[in-house]
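Read off the chains here:
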Amino acid sequence: MASIIDGKAAAELVRGAVKVRAEAFLQQHGRSPSLHVVLVGDDPASQVYVRNKELAAHKASISGLVHRLPIATTQAQLLTKVQGLSADPAIDGILVQLPLPKHLDEQSIIACLDPQKDVDGLHPYNAGLLMVGRPGLRPCTPSGCMHLIEAAGCDPAGKHAVVIGRSILVGKPIALMLLEKNATVTIAHSKTADLMSVVRQADIVVAAVGRADLVKGSWLKPGAVVIDVGINKKSDGKLCGDVDFAEAMAVAGHVTPVPGGVGPMTIAWLLANTVLAAERRAMS
Ligand code: GUN
């Protein structure tokens, strides 16, 4: 029987440490680190995520605002908004909630952020720093996943890690982070032939495809560390991940649950990146 990796407890510890740093920043600089979130449109899942981020920031002594813009917002209007936030010296972190409505071009919006305030770590400059192995602002979900892998007592060095998914938000950055920790990394995706056989070789599985219960227990190597990034809604309204949790528990060594695994870590890392951005800006 696998052990459950408790993302909520791990996130609580990270958030406690962030709060201490945020309060020290306030003492030193006379203001709290600040996070501004831009939400365009009324996607229900995004509304919930943004509300959770807002509450978590408040609890960690991080100030900020959510800028809610109508779905009809144009590319030019959104660019002007993001440029305005980037130019405001009182703002440390900016997050544009994704996905944006289809008529907006995400990449060019992200590219106009000040990279020093890009707490999502998605700006090409920050992506480049990750690629060359230098410290920068790194994407929150993969950073949180790496923390959970280490919290499970797993050193990636020499292990075979299989990442399922190649998104800019999760798949590509976590593949680089695992490589940085000396894992042998395979990136699998929708065109991968015989995915089951590829996953069966993995000591570490990171599933980030957004397909409910895709990864079965029979796909897993006994003792594997399984990190489930998926958040899918079943027909009965219940949340589930990309991994069949009950089956994985019977085979794997460590498994993250959904909910209560990766999700809380993503938010904790966003707060950590915000304080890091504030500290770095104050030094520069
Ligand atoms: N939508 C789902 N996850 C994320 C995230 O980590 N950052 C942003 N900006 N949008 C998201």
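As the structure is a computational prediction, the values presented were derived from the model and not from experiment.

A. Highlighting the overall build of the protein. Scanning the protein for helices and strands turns up 10 helices and 11 strands. When its C-alpha atoms are laid out on the principal axes, the protein stretches across 50 × 40 × 35 Å. Restricting the contact set of the protein to residue pairs at least 6 apart, pairs at least 24 apart contribute 71%. Surface summary for the protein: the accessible area is close to 13,000 Å², and the carbon and sulfur share equals 59%. Between the averaged position of the 28 positive side-chain charges in the protein and that of its 25 negative side-chain charges there is a distance of 1 Å.

B. Spotlight on the pairing of strand β4 (residues 93-96). Side chains G93 and L95 project from β4 onto one buried face, and the interleaved I94 and V96 project onto a second face that is buried too. Relative to β4, strand β2 (residues 34-40) is paired through 4 bridges, and the arrangement is parallel. For V38, the partnering residue across the bridge sits in β4 and is V96.

C. Unusual backbone geometry, seen in detail. In this chain, L98 is followed by P99 through a cis amide linkage whose omega measures 0 degrees. Cis geometry is adopted by the peptide bond preceding P259, which originates at V258 and carries an omega value of 0 degrees. Mapped onto the fold, P259 is located in the loop between β11 (254-255) and α10 (262-283). Even without a glycine there, the phi angle at N182 is positive, about 70 degrees. With respect to the helices and strands, the residue N182 is situated in the loop between α7 (171-180) and β6 (184-188). Its relative accessible area of 53% is what places N182 among the exposed residues.

D. Representation of the site of the ligand within the structure. Taken together, the neighbourhood of the ligand is formed by L95, V96, Q97, L98, D120 and L169. The backbone of V96 places a nitrogen or oxygen atom 2.8 Å from a nitrogen atom of the ligand. For the ligand, a nitrogen atom lies 2.8 Å from a polar atom in the backbone of L98. The class makeup of the residues in the shell around the ligand is 4 nonpolar, 1 polar and 1 charged.

E. Quick peek at the sheet that holds strand β3 (residues 63-69). Strands sit in the order β3-β2-β4 across an open sheet of 3 strands; the sheet is parallel. What marks the edges here is a single partner per strand, and that holds for β3 and β4. With direction set aside, neighbouring strand axes in the sheet form an average angle of 15 degrees.

F. Focus on the sheet that holds strand β8 (residues 225-228). Taken together, the 6 strands give an open sheet; going across it, the order is β1-β11-β8-β7-β5-β6, and neighbouring strands pair in parallel fashion. Two strands close off the open sheet at either side, each with one partner strand: β1 (3-4) and β6. Where strand β5 (residues 160-164) meets strand β7 (residues 204-207), 4 bridges bridge the pair, whose relative direction is parallel. The residue of β7 that forms the bridge with V162 is V205.

G. Here's a closer look at the pairing of β8. Judged by which residues are buried, β8 turns out to be covered on both faces: V225 and I227 on one side and V226 and D228 on the other are all buried. Both β7 and β8 contribute to a ladder of 4 bridges, which runs parallel. Across the sheet, the residue bridging to V206 is I227, located in β8. Bridge count for β8 against β11 is 2 bridges, and the pairing is parallel. Across the sheet, the residue bridging to V225 is H254, located in β11.

Thresholds, definitions, all that
Residues numbered from 1 in each chain as written. Predicted model: local features only at pLDDT ≥ 70, side-chain atom pairs only at ≥ 80, totals over all residues. Heavy atoms only, no water. Helix = DSSP H or I, 4+ residues; strand = E, 2+ residues; numbered from the N terminus. Contact = heavy atoms within 4.5 Å. Areas by Shrake-Rupley, 256 points an atom, 1.4 Å probe, with all protein chains shown as cover. Lys, Arg positive; Asp, Glu negative; His and termini not counted. Charge placed at Lys NZ, Arg CZ, Asp CG, Glu CD. Buried < 20%, exposed > 50% of the residue type's maximum accessible area, 1.4 Å probe, protein only. Pairing = 2+ DSSP bridges. Near = heavy atom within 4 Å. Polar contact = N/O pair within 3.5 Å; in protein donor to acceptor, adjacent residues only side chain to side chain. Nonpolar A, V, L, I, M, F, W, Y, C, P; charged D, E, K, R; others polar. Axes fitted to C-alpha atoms, helices over the stretch in contact; angles between N-to-C directions.

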